[in-house]
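A structural walkthrough
Below, each chain spelled out in residue letters.
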Amino acid sequence: MKGLRFESSGEGCTLLLGEKIGTLLEPGDVIALRGELGAGKTLLVRGIARGLGLPPSVPVTSPTFTIINEYPAHLHLCHMDLYRISEPDEMDTLPWQESLFGNGVAAIEWPERLGGLLPAERIEIEIRITGDETRSIRISIRGKKAGERTAKWVEELQDIKSAENCVRGGCPKTKSQ
Ligand SMILES: Nc1ncnc2c1ncn2[C@@H]1O[C@H](COP(=O)(O)OP(=O)(O)OP(=O)(O)O)[C@@H](O)[C@H]1O
Ligand SMILES: [Mg+2]
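Residues numbered from 1 in each chain as written. Chains lettered and ligands numbered in written order. Predicted model: local features only at pLDDT ≥ 70, side-chain atom pairs only at ≥ 80, totals over all residues.

**Some details on the pairing of strand E7 (residues 135-142)**
For clarity, the cut-off: Remark: C-beta atoms are placed from the backbone, and a residue is labelled buried if 20 or more other C-beta atoms sit within 10 Å of its own, exposed if 12 or fewer do, or partly exposed between those counts. Only DSSP runs of H or I reaching four residues or more are called helices, and only runs of E reaching two or more are called strands; each is numbered from the N terminus. Strand pairing is assigned whenever DSSP identifies at least 2 bridges connecting the two strands.
Here E7 shows a clear split, with Arg135, Ile137, Ile139 and Ile141 buried on one side and none of Ser136, Arg138, Ser140 and Arg142 buried on the other. Looking at chain direction, strand E1 (residues 4-8) and E7 are connected through five bridges and run antiparallel. By the bridge assignment for E7, Leu4 is matched with Ile139. Bridge count for strand E6 (residues 122-129) against E7 is eight bridges, and the pairing is antiparallel. By the bridge assignment for E7, Glu124 is matched with Ser140. Where E6 folds back on E7, the antiparallel hairpin that results is connected by five residues.

See below:
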């Protein structure tokens, strides 16, 4: 599967990557965020929210207990953390359908909990912990416009390699796979 890989060398890099991703999202996008506890999924969503234009004064926190947090950005952002869902049936009580199939953007932590309910057309992001401060982040865009969008993202994400505002520990190294 064609995609992108980043080596994040600190929180600031992951935030910056998220922010850039936020600027590239389109209405209806669903992002499946994978990675173990503490990988940096919520941190990446915080960056995405900023990229979608959510003001820094609005805190983006983990929806661990609320399961769904929503933010009124340029595109409505629905951030879900399904860690506590053990059966797809438990989703029946949550307003997730609207979030997943509306004109906003959904970012879902622990998407495996959705089983077959997870849309096939989606953006897969996997974060692997490679050290205390380092993360390996893989992105793959799936669906009808996957090839076209991947090419655009590769191009658009190149410039964060040299961004000066990556606050801690240098900037992510980008390469297409
Ligand atoms: N390069 C990095 N990118 C992201 N997070 C990092 C990085 N380096 C260190 N961290 C730390 O890793 C933690 C990531 O926490 P975060 O809540 O985003 O994880 P999560 O994947 O959402 O976990 P959970 O599954 O429990 O919700 C934070 O404490 C953050 O400071
Ligand atoms: Mg989280």
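Moving on from the model shown.
**Re the site of ligand 1**
Defined as follows: Only the C-beta atom matters for this test: placed from the backbone, it must lie within 6 Å of a molecule or strand for the residue to be near it. Side-chain classes are defined by residue name, with Ala, Val, Leu, Ile, Met, Phe, Trp, Tyr, Cys and Pro counting as nonpolar, Asp, Glu, Lys and Arg as charged, and the others, Gly among them, as polar.
Lining the immediate environment of ligand 1, one finds 20 residues, of which Thr14, Gly40, Lys41, Thr42 and Leu43 sit closest. Across the shell around ligand 1, the residue classes tally to five nonpolar, nine polar and six charged.

**Quick word on the nonpolar core**
Put simply, the rule is: A set of buried Ala, Val, Leu, Ile, Met, Phe, Trp, Tyr and Cys residues, joined to one another through C-beta atoms within 7 Å, is what we call a nonpolar core. A pair of residues counts as a contact when their C-beta atoms, built from backbone coordinates, are within 7 Å of each other.
Counting residues in each nonpolar core, the largest one holds 38 residues, and the members touching the most others are Ile31, Ala106, Ala107 and Ile108. The residues contacting Ile31, other than those within four sequence positions of it, are Ala106, Ala107, Ile108, Arg122, Ile123 and Ile125.

**Comments concerning unusual backbone geometry**
Leaving glycine out, the prevailing phi sign among residues is negative, and the prevailing peptide bond configuration is trans. A positive phi angle, close to 70 degrees, is found at Ile67, a residue other than glycine. Note on placement: Ile67 falls in the loop between helix H2 (41-51) and strand E3 (68-72). Look at Ile67 and you get partly exposed, because 19 C-beta atoms sit within 10 Å. In this structure, Trp110 takes a positive phi of about 60 degrees despite not being glycine. Relative to the helices and strands, Trp110 is located in the loop between strand E5 (105-109) and E6. Accessibility expressed as a C-beta count within 10 Å gives 18 for Trp110, which makes it partly exposed.

**Here's the deal with the confidence of the model for the protein**
Quick note on the threshold: Across the chain, each position has a pLDDT score giving the predictor's confidence in that residue, from 0 to 100.
Per-residue pLDDT for the protein has a mean of 86; in total, 88% of the residues score no lower than 70. Low confidence marks residues 162-170, where pLDDT is under 50. Its contacts with residues over four positions away, or in another chain, come to 17 contacts. Per-residue pLDDT stays below 50 along residues 173-177; that stretch engages in 15 contacts with residues further than four places along the chain or on separate chains.

**Examining the environment of Ala106**
Considering the arrangement of structural elements, one finds Ala106 in strand E5. When the 25 C-beta atoms within 10 Å are taken as the criterion, Ala106 is described as buried.

**Re helix H1 (residues 11-24)**
Here is the rule: In a helix, the anticipated span is given by 1.5 Å times the number of residues less one.
If you check H1, its first and last C-alpha atoms are 20 Å apart, about what 14 residues at 1.5 Å a residue would give, namely 20 Å. Among the 14 residues that make up H1, eleven are buried, leaving the element largely enclosed by the rest of the structure. Buried residues along H1 sit in contact with E1, H2, E7 and helix H4 (146-158).

**A short note on the pairing of E6**
Strand direction decides the pairing type here: strand E2 (residues 30-34) and E6, joined by four bridges, are parallel. Bridge assignment links Ile31 to a residue of E6, and that residue is Ile123.

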